[in-house]
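# Commentary on secondary and tertiary structure
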Amino acid sequence: MYFKTMIRTFLCILIIIGAVPSNYVHALPREPSHVLLIYDGLAIGTSREGNIEALQRMLASYRMQVTISTFDAYKKGMLAQYQKVIVVRNLDDATTTSVDYLHDFEAYKGDYLHIGFHVPAQVQSQLNLHTKITNDQFVQLSIGQWKQRSVRVSHIPYIVQANGRHYGGISSEKGDIHAPYGVRENRFAYVPYYERGNLSELAMAYVLKDWLKVTEQGRTYLLIKEIYPFSDLKLVESMADQLYRAGIPFIVSVRPVFSNTDYPAMKRYLETLKYVQSRNGSILVNAPVVTTTINQAGAKLEDQMELFIDVLANYGIAPLGMGAEMYWSYDQYYVNQGMRFFNSTILFPNESIRYKSQQDESQRFSSSAFSMPLSFLEQFEHADKVIARLPMDVALTYDFDETEDQMNEHMQTLMDRWIHFDDYKIDDHEVKTVTNTVLSRNGLLYINDRSVDMNDAYRHINSEYDYLHEQKKSLATLFNIQNKILIALIIATLLVFGLLFIIGYRLYKDKYIKQRKEL
Amino acid sequence: MIRNHLQKINRLGILRRLTNISPAFFAAFMVLLITSIALFTPPYIGMADNGDYFRILYGNGVYFNVPDYTSQYFGYFIPKYGIFQYFNENNTVVVSSQSIFIQAAVWLNKLFIDALVFDVRVQAAIYTCLYTIAVYLLVESITWKTPRKYGYPIAILAIFLFGDTAYTAYFNSFYGESVAFIMMIFLLASGLLLYRNRYNDYVMLTVFTLSGILLTTSKQQNAPVGVIVAFIGIMLIFIRKGKTFRILTASSLACLLLAGVGTYAFIPKEFVNINKYHAMTRGILMESKDPEAALKPFGIDPQYAILDKSVYFESNTTVDLDSEILEKSFYSHYGFGSIVKYYITNPGQAGQMLDLAAKSAFIIRPPAMGSYEKDVGKPWGAQTNFFSEYSELKKHLTPRTFGFIVIWISLVMGLYLPSFISALRSRNMRKAARFPLIVMLILIGLSGIVVSFIGAGDADLAKHVFLFTAAFDLVTFLLVADAIRRRLIQGDQD
């Protein structure tokens, strides 16, 4: 009887499962640190182009894992899996919303952040929200200590009235608009305007931090990019000296080398990196340049990255993370083959996207600072001389200069700014290969549990090196003798042949001379 | 009954006509037959793309329409491509005579087959027709007025060599080698026909000039060919006394010279970077005992020694190989001239590179590219062995050293020199033309080797030294054929 009941129950479950439409996503709850980001369009060719990518990087800097989807790709039941959902409506076109999404949204109970047009009625009522659309005009944006004047906007929504905590402000230069930049109450938040490249990009970080309930203080790092084995290594060392003297901790994102790692040129590169490390510089492995997405026979990225990390570690250099374009964290191949050694990254804006195995879900890292060039901050006014910390972890980047004058100028700019830079190695970072484990704890570096000697003397690298590694040949002497004998034999044969030829020719000639004489 | 039947046939003169088939016709017909079987009957034989097709295809209004096209690189031959139906925004990346044949094929394809999908076999059909004519002319230039007992063995030799699918598979591809090979045969055949005074001189001069121009402009690395043909071709001016002929010949040679210079001038920048990169990393640095010291004469930072032996096409690299940093500190420091100077001052290294090039100089079919379509079910990169006996024998039997090439050149020159001297003594310039033609072909072949390693190191040598492998085969064929017909030492008397 009991057995029959079990079979019936089992069959019932099977029927129920079978009855669920195939496009229905099985509701497995995700971690609270997992955000679903849905958007209607990338707004390519408009001022909003790039805002989705900036948002993805910002979410990563708050240590969030992100699943990204368009309304078109939305599958029924997706919303129910997440406790945090962000919707970006870049297009002023309501028809792009999926019916499944609208249905699911009615039952959605998690946190919700809406950006842009078409605020759902539920959000409007909860926030008592009223919005209007601007004309083509110039506005002033403000958030925290930051202010940006004369931002040209056209046809963007702004908040006329809303309950809850207000963030920053948008005000028109004509004086007819005085609106908060964003608003949040309980589980709902709304940001009407979000673009990449102006203060709205930073302002979003303030709203996001509270909405995501992140409490940790953001850190600010200085990151120097574009350091190659063929950069002016003396200049790199000089830069490290200047930053060290100014008390500025910094990070260098160094280009990896996958071959000829035993060459003196590589040793000089390593020696420079070691010197940088001794000058309070932290080392990050920059992602290699991906030239092609074709699967080719040859070295695997995984082996190449492991090789370079091991070369650094074996030389007493402790790489603490990886610097890569953001799209790497949304690609299964790059995550598994290139990023898996690191628990910390700094994600750069995408420059040349070359996906190999694109996925909707990002890889989450324990630290993933939001990178922006130093020049980005400099376009904004700030109220105090001292630049306050930004809400998220930030890496202010600049590309390593080619000339000493340019570098000195940059160093001076850095020293003149009242920015507090944090030491990257104060936090916990871990890089692990089969043979090496690199750690940073409270400012100390460890390679395989041994503390790294930061004051290791600088070594001069000798240029003499056996590049061709001539292999020892067996019986070389014997073959050498054999060669000489053969050469001698050939010469002798040629001589004999030549002699016979001359003799034959003379005999032949004599025969005719005789014949003529006889005639 | 059978006897009656045979008598009937005999009466019609069919048997007589069959036995009257000239060796040239026989060779050309058999080459046509074998090539048609290889290229136009399943499984179709062709060549996989090594990534070069893009440069020539898109500019000619043809695009990759297979969704997983790039995953079939090197592995499989793809016969069908899309034809642009809208404005083609792709500039012509490569200026090549190959475009003429692609355009003609696309036009025919649109007219008779499909306006949307281009079948590369249409192009192969054009090449096959030209190839058959070229083979006919070449065999005719040798076997004309030659007894049948010598003519047919020569024809069989020609079938064995020119029917080889290592050569003909190129027709079902977008590599410039197909044009280069056909035009080389035309060039030699027209030169020999002038030497033998077989057809109208003006017609043959036109064929000689046109084939020379098309050969020179078929690939960027063939730029020296124009110069070589123009200079060696000077002897053609003297084979006939008429003023018109001499002016026409001189003008033709000037055109050839211009074609050579023009081809060099039109080499696109992207192309330059790939080859320049390899010329340094797979050439100078690779064979140098001290890459850092090798960089010094060029004024390049010794740190660039790290790039030693690296390849432009690697998936993951330290630096963007078209970046400003390389442009400023690496590429701008050297060129063709400075590399030549380096090899002159380092003859040992030049010798090593020549030896390296010689290793690939006897391989007709590049080992990297597959011959079959994916649907055939052959493994990735599988190559055909249909009618490939000559190329296989050549690959396995020839000593692949530069020393052998020197011996071969000495032997060829030594054997043909007496007839040349004798023709010069008798002031018969037409009869003297054979030797310079052979020297021209040898120089074209050598230019292929030298330009390859100076221009791109050891990268893709099997394909880059194609000119040499083709020149070697043509000269060797001529040598053996002349030996068969007893015209090696004394030359033709007609």
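The notes below deal with the structure included here. (Residues numbered from 1 in each chain as written. Chains lettered and ligands numbered in written order. Predicted model: local features only at pLDDT ≥ 70, side-chain atom pairs only at ≥ 80, totals over all residues. Heavy atoms only, no water.)

## Comments concerning the interface of chain A and chain B
- Listed per partner, the contact involves 33 residues of chain A and 29 residues of chain B.
- Here chain A and chain B share an interface that buries about 2600 Å² over both sides, 53% of which is from carbon and sulfur atoms.
- Counting every contact that joins chain A to chain B gives 1 salt bridge.
- Between Glu292(B) and Arg268(A) there is a salt bridge; the shortest N-O distance is 2.6 Å.
- Taken together, the links from chain A to chain B amount to 15 residue pairs in polar contact (both at pLDDT 80 or more).
- Secondary structure elements with two or more residues in the side of chain A that touches chain B: helix H7 (264-278), strand E17 (289-290) and helix H8 (301-314) of chain A.
- In terms of residue count, H7(A) provides more of the side of chain A that touches chain B than any other element does, 5 residues in total.
- Considered class by class, the residues forming the side of chain A that touches chain B number 20 nonpolar, 8 polar and 5 charged.
- In this structure, E17(A) lies alongside strand E4 (residues 316-317) of chain B, joined through 2 bridges in antiparallel fashion. Looking at the pairing, Val290(A) lines up with Asn316(B) of E4(B). (Contact = heavy atoms within 4.5 Å. Buried area = accessible area lost by both parts, 1.4 Å probe. Salt bridge = Lys/Arg side-chain N within 4 Å of Asp/Glu carboxyl O. Polar contact = N/O pair within 3.5 Å; in protein donor to acceptor, adjacent residues only side chain to side chain. Helix = DSSP H or I, 4+ residues; strand = E, 2+ residues; numbered from the N terminus. Nonpolar A, V, L, I, M, F, W, Y, C, P; charged D, E, K, R; others polar. Pairing = 2+ DSSP bridges.)

## Focus on the packing of aromatic side chains
Residues and elements named next belong to chain A.
- Going through the model one piece at a time under the given rule, you end up with 66 aromatic pairs over all chains.
- Between the aromatic rings of Tyr 74 and Tyr 101, the centroid separation amounts to 5.5 Å while the plane-to-plane angle is 90 degrees, which identifies the pairing as edge-to-face. Residue Tyr 74 is located in the loop between strand E2 (65-70) and strand E3 (84-89), and its partner Tyr 101 is located in helix H3 (residues 99-107); the two are separated by 27 residues in the primary sequence.
- Accessibility expressed as a relative area gives 4% for Tyr 101, which makes it buried. (Phe/Tyr/Trp six-rings, centres within 6.5 Å; stacked < 30°, edge-to-face > 60°. Buried < 20%, exposed > 50% of the residue type's maximum accessible area, 1.4 Å probe, protein only.)

## Topic: a negative patch on the surface
- A contiguous patch of negative charge on the surface is contributed by Asp232(A), Glu404(A), Asp405(A), Glu409(A) and Asp301(B).
- For Asp232(A), the location among the structural elements is in the loop between strand E14 (220-227) and helix H6 (233-245). (Patch = residues over 30% accessible without salt bridge, like charges linked within 9 Å, V, L, I, M, F, W, Y side chains within 5 Å. Areas by Shrake-Rupley, 256 points an atom, 1.4 Å probe, with all protein chains shown as cover. Lys, Arg positive; Asp, Glu negative; His and termini not counted. Charge placed at Lys NZ, Arg CZ, Asp CG, Glu CD.)

## Some remarks on the nonpolar core
- Within the largest apolar cluster, 156 residues are counted, with the highest numbers of intra-cluster contacts made by Tyr81(B), Tyr131(B), Phe162(B), Phe330(B), Met440(B) and Ile444(B).
- Looking at which element gives the most residues to this core, the answer is helix H9 (residues 177-196) of chain B, with 15 residues.
- Not counting residues within four places of it along the chain, the set of residues in contact with Ile444(B) comprises Met184(B), Leu187(B), Leu215(B), Val225(B), Ile228(B), Val229(B) and Leu467(B).
- If you look at the next biggest cluster of nonpolar residues, it comprises 125 residues, including Met64(A), Phe341(A), Ala395(A) and Ile447(A). (Core = buried A, V, L, I, M, F, W, Y, C linked by side-chain atoms within 4.5 Å.)

## A closer look at the pairing of strand E13 (residues 188-191) of chain A
Residue and element names in this part refer to chain A.
- Side chains Phe 188 and Tyr 190 project from E13 onto one buried face, and the interleaved Ala 189 and Val 191 project onto a second face that is buried too.
- In this sheet, E13 lies alongside strand E4 (residues 111-116) in parallel orientation, the contact comprising 4 bridges. When the sheet's bridge partners are listed, Tyr 112 is paired in E13 with Phe 188.
- Looking at chain direction, strand E12 (residues 182-185) and E13 are connected through 3 bridges and run antiparallel. Bridge pairing in E13 links Val 183 to Tyr 190.
- Where E12 folds back on E13, the antiparallel hairpin that results is connected by 2 residues, among which Asn 186 adopts a positive phi of roughly 50 degrees.

## Comments concerning the side chain of Ser388(B)
Residues and elements named next belong to chain B.
- Here Ser 388 is to be found in the loop between helix H18 (347-360) and helix H19 (389-397).
- Classification of Ser 388 by relative accessible area gives buried; the value is 2%.
- The contacts of Ser 388, once residues within four sequence positions are left out, are Asp 164, Thr 165 and Arg 365.

## As for the sheet that holds strand E1 (residues 34-39) of chain A
Residue and element names in this part refer to chain A.
- The 7 strands lie next to each other as E2-E1-E3-E4-E13-E12-E9, forming an open sheet whose pairing is mixed. Each of the sheet's edge strands pairs with one partner strand only, and the pair in question is E2 and strand E9 (165-167). Recorded for the sheet is a direction-independent mean angle of 15 degrees between the axes of neighbouring strands.
- In terms of strand pairing, E1 meets E2 through 6 bridges, oriented parallel. Note that in E2 the partner of Val 35 across the bridge is Val 66.
- Packing of helix H5 (residues 199-211) onto the sheet brings it into contact with E3, E4, E9, E12 and E13, and relative to E4 it is tilted by some 165 degrees. (Axes fitted to C-alpha atoms, helices over the stretch in contact; angles between N-to-C directions.)

## Digging into the sheet that holds strand E23 (residues 429-432) of chain A
All names here are of chain A.
- In space, the 4 strands of this open sheet follow the order E23-E24-E25-E26, with antiparallel pairing throughout. Bordering the open sheet on either side are E23 and strand E26 (450-451), each of which pairs with just one other strand.
- In this sheet, E26 lies alongside strand E25 (residues 444-447) in antiparallel orientation, the contact comprising 2 bridges. By the bridge assignment, Ile 447 is partnered in E26 with Arg 450.

Everything listed is a geometric property; what it means functionally is a separate question.
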